[in-house]
Amino acid sequence: MQPDGPVLGIETSCDETASALLAADGQVLAEAVLSQQDHAPYGGVVPEIAARAHLDHLPRLVADVLARGGASPAALGAVAATAGPGLIGGLLVGSGFAKGLALAHGLPFVAVNHLEAHALTVRLPGLVPGGVDFPYLLLLVSGGHCQCVSVEGVGRHLRLGGTIDDAAGEAFDKAAKLLGLGWPGGPALERLAAAGDPHRHPLPRPLLGRPGCDFSFSGLKTAVAHLLAREPAARPADVAAAFQAAVAAVMADRADHAMRMFAATHAARTLVVAGGVAANAALRAALAGAAARHGFTLHAPPLRLCGDNAVMVAWCGIERLRRGLTDPLDHAPRPRWPLESLAA
Ligand code: KG4
Ligand code: ZN
């Protein structure tokens, strides 16, 4: 079932307030992302501040996207909002706003799982020539999540492995904090690493070569802390480059194992990397090398769609609407909502 008009997407699960309007065929009509700056003094997202900022910004953002996209609320085909996983205050603001619009205008509502929105982003029409068909192997690397998933279809995801401690983005943010780079640290650390020598201070490669495709990053962060304590004169750029090289090497190794696991049960040879950390060029290069060794093709969203955004939420809504999947207005947002549970 094709949505009966453009689909409005709303994202408020963490510290990005975002809205987007997509035509029923997936064409992006308008998009807006506001990255909240209110958290920088605290060195991390403060949930109550995030929720209040969503409340302040979302109505204006949605009105702006609808105006630029040329649609009135009554002309929408559906409203899709992230309903988890994430910070409950923000989820309540975004999904509550979406439900209000749906109720007022008699529109279908789609409760989007944030992880599935990242997972399906590469299928947005126009991104990859010829499109990306199911099934594919997904490496989901963000601030809160780090997992290898076999994406079998909409609502059908099998977890092959994941982090046993920190997420990849969390590791970047913690290492950046140790280097005094402020927050969020991933992009700043990548910029600093460009001027550094990755070989000057060798860092450990947690779980390298271990069976399966689990990850561990907390030891790497500790190694950075020890290195900085031991060698206070170390050039921050060299430390950043060493850290980034260690993460990229571990990711490539874990992807290596995941591709072997995936290939044992699937004929498809597609690797997708998504989530905020997928914006990292060193990581993309390491994964491209690993994919080539296994005869896989690597796809990644464009940079603007790696981090949190509402285009992916609206697109996930369209994918679900096309399969007749909508949600009741009493759907409860979920702070925890594993991908694997969607099938049930
Ligand atoms: O997907 P995302 O926007 O939010 C979550 O769902 O968590 O991911 C944000 C994470 C942050 O930890 C940020 O530091 C990291 O992605 N990140 C990066 C880069 N850009 C964002 N990490 C490494 N290199 C980057 N260029
Ligand atoms: Zn995300």
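Residues numbered from 1 in each chain as written. Chains lettered and ligands numbered in written order. Predicted model: local features only at pLDDT ≥ 70, side-chain atom pairs only at ≥ 80, totals over all residues. Heavy atoms only, no water.

Asker: I'm lost on the coordination of the zinc ion (ligand 2) in this one. Help?
Answerer: Octahedral metals with six donors have ideal donor angles of 90 or 180 degrees. Tetrahedral metals with four donors have an ideal donor angle of 109.5 degrees. Protein coordination at the zinc ion (ligand 2) comes from His 114 (NE2), His 118 (NE2) and Asp 308 (OD), with a distance range of 2.1 to 2.2 Å. When the donor residues of the zinc ion (ligand 2) are listed from N- to C-terminus, their spacing reads H-x3-H-x189-D. Here His 114, found in helix H3 (residues 114-120), pairs with Asp 308, found in the loop between strand S10 (297-299) and helix H9 (311-322); they are 194 residues apart in sequence, far enough to count as distant. Neither residue differs from the other here; His 114 and Asp 308 are each classed as buried. (Donors = N, O, S within 2.8 Å, 3.2 Å for Na, K, Ca; no water. Helix = DSSP H or I, 4+ residues; strand = E, 2+ residues; numbered from the N terminus. Buried < 20%, exposed > 50% of the residue type's maximum accessible area, 1.4 Å probe, protein only.)

Asker: Before we go on, may I ask you to explain the confidence of the model for the protein chain in this structure?
Answerer: Interpretation of the predicted coordinates at a detailed level should be avoided for regions scoring low in pLDDT. A residue-level look at the protein chain finds 100% of positions with pLDDT of 70 or above and a mean pLDDT of 97. Within the protein chain, strand S1 (residues 7-11) carries the highest mean pLDDT (99), whereas helix H4 (residues 168-178) carries the lowest (96). (pLDDT = per-residue confidence, 0-100.)

Asker: Hey, could you run me through the sheet that holds S10 in this one?
Answerer: Two pairing modes exist for strands in a sheet, parallel and antiparallel, and in both the strands are linked by backbone hydrogen bonds. A sheet is described by the order of its strands in space; here 5 strands give the open sequence S8-S7-S6-S9-S10, paired in mixed fashion. Here the strands that pair on one side only, and so sit at the sheet edges, are strand S8 (156-162) and S10. Strand-to-strand twist in this sheet, taken as the mean axis angle between neighbours without regard to direction, amounts to 25 degrees. Running over the sheet, helix H8 (residues 281-293) touches strand S6 (136-141), strand S9 (270-274) and S10 and is turned about 155 degrees from S10. (Pairing = 2+ DSSP bridges. Axes fitted to C-alpha atoms, helices over the stretch in contact; angles between N-to-C directions. Contact = heavy atoms within 4.5 Å.)

Asker: I tried to follow H4 on my own but got confused; where do I start?
Answerer: Note on helix geometry: an α-helix contains 3.6 residues per turn, so any two residues three or four positions apart are oriented the same way. The set of residues buried in H4 consists of Ala 168, Gly 169, Ala 171, Phe 172, Ala 175 and Ala 176. Projected onto a plane normal to the axis of H4, the buried residues spread over an arc of 155 degrees and lie on a single side. Turning to H4, the residues buried within the fold contact S6, strand S7 (146-153), helix H5 (186-193) and helix H7 (236-265). Gly 180 lies just past H4 and shows a positive phi near 70 degrees. (Arc of directions from axis to C-beta.)

Asker: Teacher, can you tell me more about the site of ligand 1 here?
Answerer: Close contacts around ligand 1 come from 18 residues, with Gly 143, Asp 173, Glu 190, Gly 276 and Asp 308 the closest. The side chain of His 114 places a nitrogen or oxygen atom 3.2 Å from an oxygen atom of ligand 1. A distance of 3.0 Å separates an oxygen atom of ligand 1 from a polar atom in the backbone of Gly 276. Protein burial of ligand 1: of its 560 Å² of free accessible surface, 87% is covered by the chains. According to the grid-proximity analysis, the pocket containing ligand 1 is the largest pocket. In terms of residue class, the shell around ligand 1 is built from 4 nonpolar, 11 polar and 3 charged. If you count residues domain by domain, the shell around ligand 1 takes at least three from each of domain 1 (7-121 + 305-343) and domain 2 (135-300). (Near = heavy atom within 4 Å. Polar contact = N/O pair within 3.5 Å; in protein donor to acceptor, adjacent residues only side chain to side chain. Areas by Shrake-Rupley, 256 points an atom, 1.4 Å probe, with all protein chains shown as cover. 1 Å grid on protein atoms, 1.4 Å probe; cavity = no way out; pocket = protein on both sides within 12 Å on 5 of 7 lines; lining within 4 Å. Sits in = over half its atoms within 2 Å of the grid points. Nonpolar A, V, L, I, M, F, W, Y, C, P; charged D, E, K, R; others polar. Domains from an automatic or database assignment.)

Asker: Looking at this structure, I do not really get the side chain of Ser 142. What am I missing?
Answerer: Structurally, Ser 142 is set in the loop between S6 and S7. Note on Ser 142: relative accessible area 8%, which makes it buried. Apart from residues no more than four positions distant in its own chain, Ser 142 is found in contact with Ala 167, Ala 168, Gly 169, Glu 170, Gly 275, Gly 276 and Val 277.

Asker: Explain the sheet that holds strand S5 (residues 109-113) to me, please; I cannot follow it from the model alone.
Answerer: Read across the open sheet, the 5 strands follow the order S3-S2-S1-S4-S5; overall the sheet is mixed. In this open sheet, the two edge strands, each paired with only one partner strand, are strand S3 (28-35) and S5. The mean inter-strand angle of the sheet, taken between neighbouring strand axes irrespective of direction, is 15 degrees. Summarising the sheet, S1 and strand S4 (residues 78-84) pair through 4 bridges and their orientation is parallel. Bridging across to S4, Leu 8 finds its partner in Val 79. Running over the sheet, helix H1 (residues 47-69) touches S1, strand S2 (16-22) and S3 and is turned about 20 degrees from S2. Contacts from H9 reach S1, S2, S3, S4 and S5, with the element oriented near 130 degrees to S1.

Asker: Whenever I open this one, the packing of aromatic side chains confuses me. Can you help?
Answerer: Aromatic rings considered in pairs are described by the distance between their centres and by the relative angle of their planes. According to the stated counting rule, one finds 4 aromatic pairs in the structure shown. On the basis of an interplanar angle of 90 degrees and a centroid distance of 5.2 Å, the ring pair of Phe 172 and Phe 243 is categorised as edge-to-face. Taken together, the residues span a long stretch of sequence, with Phe 172 in helix H4 and Phe 243 in helix H7 at a distance of 71 residues. Accessibility expressed as a relative area gives 4% for Phe 172, which makes it buried. Here Phe 262 and Phe 296 contribute two aromatic rings whose centre-to-centre distance is 6.2 Å and whose plane-to-plane angle is 65 degrees, an arrangement assigned as edge-to-face. You can see Phe 262 sitting in helix H7 and its partner Phe 296 sitting in the loop between H8 and S10, a full 34 residues away along the chain. By relative accessible area, which is 1% here, Phe 262 ends up buried. Between the NZ or CZ atom of Arg 123 and the centre of the ring of Phe 134, over which it lies, the distance is 3.8 Å. (Phe/Tyr/Trp six-rings, centres within 6.5 Å; stacked < 30°, edge-to-face > 60°. Lys NZ or Arg CZ within 6 Å of the ring centre and 35° of its normal.)

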